[in-house]
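These are the residues of each chain, in order.
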Amino acid sequence: MVGDHAVAEAVKLARVNVISAYPITPQTLIVERLSEMVDRGELKADFIRVESEFSALASVYGAAAAGARAFTATSSHGLFYMYEMLWWAAASRLPLVMAVVTRALGPPWNIHDEHTDILAIRDSGWIIGMASDVQEVFDMTLTAFKLSEDERVLLPVAIGLDGFVLSHTTEPLYIPSQEDVDSWLPPRNPKVPYVIEPGGEPITLGNLPRMDVYHELHRAYMDEAMNEAKNVIHEVYGEYGKLTGKYYEPLVECYRCSDAKYVAVTMGAWSGDAKVAVDELRDSGYPIGLIRIRYIRPFPEEKLETYINGVRGVIVFDRDYSVGFGGVLAGELMGLVPSNVSFKGVIAGLGGVDVSPSDFRNVMVSFVNDVERDGYLRVRKWWYIPSVNGGD
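A short tour of the structure in this document, coming up. (Residues numbered from 1 in each chain as written. Predicted model: local features only at pLDDT ≥ 70, side-chain atom pairs only at ≥ 80, totals over all residues. Heavy atoms only, no water.)

### Considerations on the overall build of the chain
Point 1. Counting its regular elements, the chain contains 14 helices and 13 strands.
Point 2. Whereas a compact globule of 392 residues would reach a radius of gyration of roughly 21 Å, the chain reaches 21 Å, a difference of no more than 12%.
Point 3. Along the first, second and third principal axes, the C-alpha atoms of the chain reach 75 × 50 × 45 Å.
Point 4. Relative to its full complement of 392 residues, the chain shows a buried share of 56%.
Point 5. Treating the 35 positive side-chain charges of the chain as one cloud and the 53 negative ones as another, the clouds have centres 3 Å apart. (Helix = DSSP H or I, 4+ residues; strand = E, 2+ residues; numbered from the N terminus. Rg over C-alpha atoms; globule rule 2.2 N^0.38 Å. Buried < 20%, exposed > 50% of the residue type's maximum accessible area, 1.4 Å probe, protein only. Lys, Arg positive; Asp, Glu negative; His and termini not counted. Charge placed at Lys NZ, Arg CZ, Asp CG, Glu CD.)

### So, helix α11 (residues 301-308)
Residues spaced three or four apart along an α-helix point in a common direction, a consequence of the helix completing one turn every 3.6 residues.
Point 1. The complete set of buried residues in α11 reads Leu304, Tyr307 and Ile308. Taken down its axis, α11 places every buried residue within 95° of arc, on the same side.
Point 2. Against β7 (252-255), β9 (288-293), β11 (313-318) and α12 (328-334) lie the buried residues of α11.
Point 3. Gly310 occupies a position one or two residues after α11 and carries a positive phi of about 95°. (Arc of directions from axis to C-beta. Contact = heavy atoms within 4.5 Å.)

### Overview of helix α7 (residues 134-149)
Point 1. Here α7 spans 24 Å end to end across 16 residues, near enough to the 22 Å set by a 1.5 Å rise per residue.
Point 2. When the local axis directions of α7 are compared, the greatest deviation, roughly 25°, occurs at Thr143.
Point 3. For α7, a buried count of 15 out of 16 residues is recorded, marking the element as mostly surrounded by other parts of the structure.
Point 4. A distance of 3.3 Å separates the backbone nitrogen of Gln135 from a side-chain oxygen at the start of α7, and that oxygen is part of Asp133. (Expected span 1.5 Å × (residues − 1). Bend = angle between axes of the 7 residues up to and from the residue. Polar contact = N/O pair within 3.5 Å; in protein donor to acceptor, adjacent residues only side chain to side chain.)

### Section: the state of the cysteines
Point 1. As enumerated under the stated definition, the model contains one disulfide in all.
Point 2. Each sulfur of the disulfide joining Cys254 and Cys257 lies 1.8 Å from the other. Assigned by exposure class, Cys254 and Cys257 land together as buried. (Disulfide = S-S within 2.5 Å.)

### With respect to the nonpolar core
Point 1. Residues Leu34, Phe71, Trp126, Leu142 and Val314 are the most contacted members of the largest nonpolar core, which totals 107 residues.
Point 2. The biggest single contributor to this core is helix α9 (residues 211-244), with nine residues.
Point 3. Not counting the four nearest positions on each side in its chain, Leu142 is found in contact with Ala10, Leu13, Ala14, Pro176, Val181, Trp184, Leu185 and Tyr240.
Point 4. Counting residues in hydrophobic clusters, the runner-up holds 23 residues, among them Ile315, Met364, Phe367 and Val368. (Core = buried A, V, L, I, M, F, W, Y, C linked by side-chain atoms within 4.5 Å.)

### Examining a nonpolar patch on the surface
Point 1. A contiguous nonpolar surface patch, about 230 Å² in accessible area, is contributed by Ile196, Ile203 and Leu205.
Point 2. Following the sequence through the fold, Ile203 ends up in the loop between α8 (178-184) and α9. (Patch = residues over 30% accessible without salt bridge, like charges linked within 9 Å, V, L, I, M, F, W, Y side chains within 5 Å. Areas by Shrake-Rupley, 256 points an atom, 1.4 Å probe, with all protein chains shown as cover. Salt bridge = Lys/Arg side-chain N within 4 Å of Asp/Glu carboxyl O.)

### Section: the pattern of salt bridges
Point 1. Evaluation of the coordinates by the stated rule reveals 26 salt bridges.
Point 2. Here Glu302 ties to Lys230 by a salt bridge, and the two come within 3.0 Å at their closest N and O atoms. Linking Glu302 in helix α11 with Lys230 in helix α9, this pair joins segments that are 72 residues apart in sequence.
Point 3. Given the relative accessible area of 11%, Lys230 is considered buried.
Point 4. Two residues, Glu332 and Arg297, come together in a salt bridge whose shortest N-O distance is 2.8 Å. A residue pair is termed long-range when its members are at least 10 positions apart, and Glu332 in helix α12 and Arg297 in strand β10 (residues 295-297) qualify at 35 residues.

### Concerning the environment of Ile347
Point 1. With respect to the secondary-structure elements, Ile347 resides in strand β12 (residues 342-347).
Point 2. The buried category is assigned to Ile347, whose relative accessible area is 1%.
Point 3. For Ile347 and Arg319, which are 28 residues apart along the polypeptide, the C-alpha to C-alpha distance reads 6.1 Å.
Point 4. Setting aside residues up to four positions removed in sequence, Ile347 forms contacts with Asp318, Asp320, Tyr321, Gly326, Gly327, Lys381, Trp382, Trp383 and Tyr384.

### Considering the sheet that holds strand β2 (residues 46-49)
Point 1. Strand order across the open sheet formed by seven strands is β2-β1-β3-β4-β6-β5-β10, with mixed pairing between neighbours. One side of each edge strand has no neighbouring strand; the edge strands of this open sheet are β2 and β10. Each strand axis lies, on average, 20° off the axis of its neighbour in the sheet, ignoring direction.
Point 2. Taken strand by strand, helix α1 (residues 3-13) contacts β3 (70-74), β4 (97-102) and β6 (157-162), and its axis lies near 155° from that of β6. (Pairing = 2+ DSSP bridges. Axes fitted to C-alpha atoms, helices over the stretch in contact; angles between N-to-C directions.)

Below you can see the structure in the form of structure tokens.
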């Protein structure tokens, strides 16, 4: 099954009540498939056809506030059209799930893979995960409902999947039975955290508080929930493993890095290519491992520090770019890497440029050799273009 259809299967198994979306490449296959499921009666849900992505998120925001289990999906410029509502959904503490099929931003026009779009929402209060293959796309989408609706969390969850690389690529997929999912994921409790309904208890939402109240709400109301989400993610994936036999390292995956002297850091689908490079380098005697970030929010600093502790060098691969600064992941990780440990931030793959296992291997080898020769290296931003400084 392709990744977009895997998202739709997970949403169906979650028995979502309300879906609202506006089509945008390469996300469109998700909502097309869900629309077909609703039309055929396979999924008993209201499908709201709206005129924009802003309205799509506003619709599911209202549905969630009324107690429904709700879902939407988008990509790239569509995500940015939602930007204001992203903050309202998170600060309102409404459980929602959204699939973000990552795609480059224009101009120039580009419909191919990049992570800049999903990373641009990291300050909004959404939990953000990034899948590496189609099976994980399905599993992360399904578990997102359990995570988002947990009373200790009550934050919206965005699950990212790489445009075309995962969204339109077919891979084998294990899907649990509806009965097993129902036993693990009961219907949402509409009263949690609150419900807006005709004749219900009067409440105010998003009103104008004192400045000190606003400040305190963000600390006690959102930041603590995001921190608690780390524990809940561990619990949810533990339960999911017992249900399906699919066990994951919840926040960060450590691949051959327990005895590594150097580690590479990645996020998303190209992590599989990076693993191939790590295996080849291990066979050649290079003591390197791979840290793959599964959830960038909440930021898994404790796990990252554990895996980074004791290494000689860290190289971070970003498929994104913060203009005037550098790679987003490199910027977030550099503060965790001790000043006496070598570091390199690599920006690559923007706009769908292919980065192969040999590209990863060559960059990793160059980094390790430079550190071994010079003893120390600290570079936050380095552009890698395969046609210019890569290839065999």
